[in-house]
Amino acid sequence: MARVLIVDDSPTETHKLTTILEKNGHAVLTATNGENGVDVAREQRPDVILMDIVMPGLNGFQATRQLSKGDQTSGIPIVIVTTKDQDTDRVWGMRQGARAYLTKPVDEGKLLGTIEEVLA
């Protein structure tokens, strides 16, 4: 199964995603903000990253851009998982380098299917 990095400043959301992922056999790494997420991704090289958008400091769009353009991390697929549900947010997220965009509350089947898709 995959090693998944969750980058989200909400302990509740992180817990929900961790529960779904671990129940389905994935290993989970976590980061509580964009800067920490970029550092963990560089050090741990996860198979996939689940990125929130609204976080203090480096937001999810900025972190996604850094990771998708970084030499060490450009091959790691990023799935944005956020409450932001506007078309402009979706387009902007994909332009920053995300491979998929999901809105919260995320459906378990859709989350697992999206992870499979971006890893294929």
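Just so you know, these numbers come straight off a predicted model, no measurement behind them.

Inspection of the secondary structure assignment puts Thr 64 in helix H3 (residues 60-69). Residue Thr 64 is classed as buried on the basis of its relative accessible area, which comes to 0%. Here the side chain of Thr 64 touches Gly 60 through a polar contact of 2.7 Å, landing on its backbone oxygen. Here Thr 64 is in contact with Met 51, Ile 78, Ile 80, Gly 93, Gln 96, Gly 97 and Ala 98, once residues within four sequence places are set aside.

Here, UniProt's "domain: Response regulatory" (unreviewed entry) annotation points to residues 3-119. For residues 3-119, helix accounts for 47% and strand for 20%, while the C-alpha atoms at its two ends are 11 Å apart.

Here helix H1 (residues 11-23) crosses helix H5 (residues 108-119) at 65 degrees, and the two axes come no closer than 11 Å. The angle between H1 and H5 places the two elements in the roughly perpendicular class. With respect to the hand of their crossing, H1 and H5 are arranged in right-handed fashion. Every residue of H5 that contacts H1 at Leu 17, Ile 20, Leu 21 and Lys 23 is listed here: Glu 108, Leu 111, Leu 112 and Ile 115. Tallied by class, residues from the contact of H1 with H5 come to 6 nonpolar, no polar and 2 charged.

In this section: the UniProt feature "modified residue: 4-aspartylphosphate" (unreviewed entry) in the chain. Using the residue numbers shown here, the UniProt feature "modified residue: 4-aspartylphosphate" (unreviewed entry) corresponds to Asp 52. You can see Asp 52 is positioned in the loop between strand E3 (48-51) and H3.

Looking now at unusual backbone geometry. A cis geometry characterises the amide bond from Lys 104 onward to Pro 105, with omega recorded as -5 degrees. Mapped onto the elements of the fold, Pro 105 is located in the loop between strand E5 (100-103) and H5. Not every positive phi belongs to a glycine, and Arg 45 is a case in point at roughly 45 degrees. Tracing the chain through its elements places Arg 45 in the loop between helix H2 (34-44) and E3. Exposure remark for Arg 45: the relative accessible area of 42% places this residue in the partly exposed category.

The subject of this paragraph is the pairing of strand E4 (residues 78-82). Buried residues dominate E4, accounting for 5 of its 5 residues. Residues Ile 78, Ile 80 and Thr 82 of E4 are buried on one face, and the alternating residues Val 79 and Val 81, pointing to the opposite face, are buried as well. With 3 bridges joining them, E3 and E4 adopt parallel strand pairing. Each bridged residue has a counterpart across the sheet, and for Leu 50 the counterpart in E4 is Val 79. Handedness of the crossover is the feature at issue here: the chain leaves E3, passes through H3, returns alongside E4, and the resulting connection is right-handed. Bridge analysis of E4 against E5 gives 4 bridges, and the strand direction is parallel. Within the sheet, the bridge partner assigned to Ile 80 lies in E5 and is Tyr 101.

Cut-offs used in this document
Residues numbered from 1 in each chain as written. Predicted model: local features only at pLDDT ≥ 70, side-chain atom pairs only at ≥ 80, totals over all residues. Heavy atoms only, no water. Helix = DSSP H or I, 4+ residues; strand = E, 2+ residues; numbered from the N terminus. Buried < 20%, exposed > 50% of the residue type's maximum accessible area, 1.4 Å probe, protein only. Polar contact = N/O pair within 3.5 Å; in protein donor to acceptor, adjacent residues only side chain to side chain. Contact = heavy atoms within 4.5 Å. UniProt positions renumbered as here; feature names shortened; annotations may be inferred. Axes fitted to C-alpha atoms, helices over the stretch in contact; angles between N-to-C directions. Parallel < 35°, antiparallel > 145°, perpendicular 65-115°, else oblique. Left-handed = near helix turned anticlockwise from the far one by under 90°. Nonpolar A, V, L, I, M, F, W, Y, C, P; charged D, E, K, R; others polar. Pairing = 2+ DSSP bridges. Right-handed = clockwise from strand over helix to strand, strands pointing away.

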